[in-house]
Amino acid sequence: MNASDVFVIGGGIAGLSIAWRAATRGLTVTLADPDPGSQATRASAGMLAPVSEVTYTEEPLLRLGLASLERWPAFAGELEAAGGIPVDLRGDGTVEVAYDADDLAQLDELAAFEEKLGLRVERLTGRQCRQAEPMLSPNVRGGLLARDDLWVNPRRVAQALQQAFQNAGGRLVRERVTTLEGLPADHVVVAAGAWSPSLLPGLPIRPVKGQILRLRGPRGLLGTCVRGTVRGSEVYLVPRDDGEIVVGATMEELGFDTRVTAGGVYELLRDAREIVPGITELELAETFAGLRPGTPDNLPYVGRHGDVWVAAGHHRAGVLLAPLTADAVVAGLFGEADLMPECTPARI
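A few points on the structure.

**Focus on the packing of aromatic side chains**
Moving on, step 1. Scanning the entire structure with this criterion turns up 4 aromatic pairs.
Moving on, step 2. Here Trp-72 and Phe-75 contribute two aromatic rings whose centre-to-centre distance is 5.0 Å and whose plane-to-plane angle is 75 degrees, an arrangement assigned as edge-to-face. Within this pair, Trp-72 and its partner Phe-75 are both found in helix H3 (residues 59-83), separated by 3 residues, close to a single helical turn. Pair check on accessibility: Trp-72 and Phe-75 agree, each one buried.
Moving on, step 3. Aromatic pair Trp-195 and Phe-256: ring centres 5.5 Å apart, planes at 45 degrees, arrangement tilted. Residue Trp-195 is located in the loop between strand E9 (187-190) and strand E10 (206-216), and its partner Phe-256 is located in the loop between strand E13 (244-248) and helix H7 (262-275); the two are separated by 61 residues in the primary sequence.
Moving on, step 4. Judged by its relative accessible area of 28%, Trp-195 is partly exposed.
Moving on, step 5. The structure contains a cluster of three or more aromatic residues connected by ring pairs, namely Trp-20, Trp-72 and Phe-75.
Moving on, step 6. The ring centre of Phe-334 lies 4.1 Å from the NZ or CZ of Arg-25, which sits over that ring.
Moving on, step 7. The ring of Phe-288 has Arg-42 sitting right over it, with the charged end atom 5.4 Å from the ring centre.

Here it is as structure tokens:
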């Protein structure tokens, strides 16, 4: 392979991770994006939570998530050293809580499914939930503790990846690529998230809107990531090391609509307040809407597709799967083992 001919389209966490890893393998890499890290990565809360996010029909995605989760501590350590920016990787686990009896029954069913899969979760009474997180509402009926879940600050990750990529000799071009024709590269990687089908027509990826809030207050309101089910609706609260709490996120099938709506903000704050009443005293620092790249089965497309490589369609798992995705694509560029066979574009 000609070491100067890798061109990555898309500067979200997938594209940046691939570009950085390729550059560290001695390749000369160009990455094109008008504003790296500004779309789905910017909207993400950064939960690395394959256990607490498992669903009944997504066991292949769970396996990939667990494999990538194992890579995250080393990935974060190398990235902080290479990029010089701390990414706030935390490993205090996730507390999942239920607001009423119906929510608790649903959580009990999920716990049974997780235990059947051999996942490590602990059932908690309402009292135990509040012992773990004293700011939880007294109305919380019970919950689960997923100790192995991690979380990270994806905005810092994107900043560190840009710096690490350029420190490794990578070339960043702040332009939007609208065609694959005439690119100066033997190897092209399409990692343009929800916009990937504009470059590869027929790629079954659709935008899934997610509205998210950022609250600001004193440090220590929450010590773990908290996920709640409130009358059947799901909400999460993710604390940062600077006192910020990320609240999210809606799931809306509205095409490329990125408007923040009053209804979306209201629903998130309403449900978050039922779980952690003290959030009403915090500053509403930011509202934002991003577009997750969804696929029919929620598995991404990662691998060779015709004359190009694809790394897109990660939906809710883009941050979690970044290390594994990068390793898989770079391994493919070098003709090494397929690390993500469930995700190959052969499914297209």
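From this point, the discussion proceeds with the structure in view.
**Focus: the pattern of salt bridges**
Here the idea is simple: oppositely charged side chains can pair when their charged atoms come close.
Moving on, step 1. Taken as a whole, this structure holds 25 salt bridges when the rule is applied.
Moving on, step 2. For Arg-155, the salt bridge goes to Glu-286, with nearest N and O atoms at 2.5 Å. Of this pair, Arg-155 sits in helix H6 (residues 154-167) while Glu-286 sits in strand E14 (residues 283-294), and the two are 131 residues apart along the sequence. When sorted by exposure, Arg-155 lands in the same class as Glu-286, which is buried.
Moving on, step 3. In this structure, Asp-257 and Lys-209 form a salt bridge, with 3.5 Å as the shortest nitrogen-oxygen distance. Note that Asp-257 is positioned in the loop between E13 and H7 and Lys-209 in strand E10, a separation of 48 residues in sequence.

**Focus: the sheet that holds strand E16 (residues 308-312)**
Moving on, step 1. Taken in spatial order, the 6 strands make up an open sheet running E8-E2-E1-E9-E16-E15, and their pairing is mixed. Each end of this open sheet is capped by a strand with a single partner; those strands are strand E8 (171-173) and strand E15 (301-305). Between one strand axis and the next, the sheet turns through 15 degrees on average, direction left out of account.
Moving on, step 2. Judged from the 4 bridges that link them, strand E1 (residues 6-9) and E9 form a sheet pairing that is parallel. Paired with Phe-7 across the bridge in E9 is Val-188.
Moving on, step 3. Strands in contact with helix H1 (residues 13-24) are E1, strand E2 (29-32), E9 and E16; relative to E2, the strand with the most contacts, it is inclined by about 165 degrees.
Moving on, step 4. Relative to the sheet, H6 contacts E2 and E8, its axis offset from that of E8 by approximately 125 degrees.

About the cut-offs
- Residues numbered from 1 in each chain as written.
- Predicted model: local features only at pLDDT ≥ 70, side-chain atom pairs only at ≥ 80, totals over all residues.
- Heavy atoms only, no water.
- Phe/Tyr/Trp six-rings, centres within 6.5 Å; stacked < 30°, edge-to-face > 60°.
- Helix = DSSP H or I, 4+ residues; strand = E, 2+ residues; numbered from the N terminus.
- Buried < 20%, exposed > 50% of the residue type's maximum accessible area, 1.4 Å probe, protein only.
- Lys NZ or Arg CZ within 6 Å of the ring centre and 35° of its normal.
- Salt bridge = Lys/Arg side-chain N within 4 Å of Asp/Glu carboxyl O.
- Pairing = 2+ DSSP bridges.
- Axes fitted to C-alpha atoms, helices over the stretch in contact; angles between N-to-C directions.
- Contact = heavy atoms within 4.5 Å.

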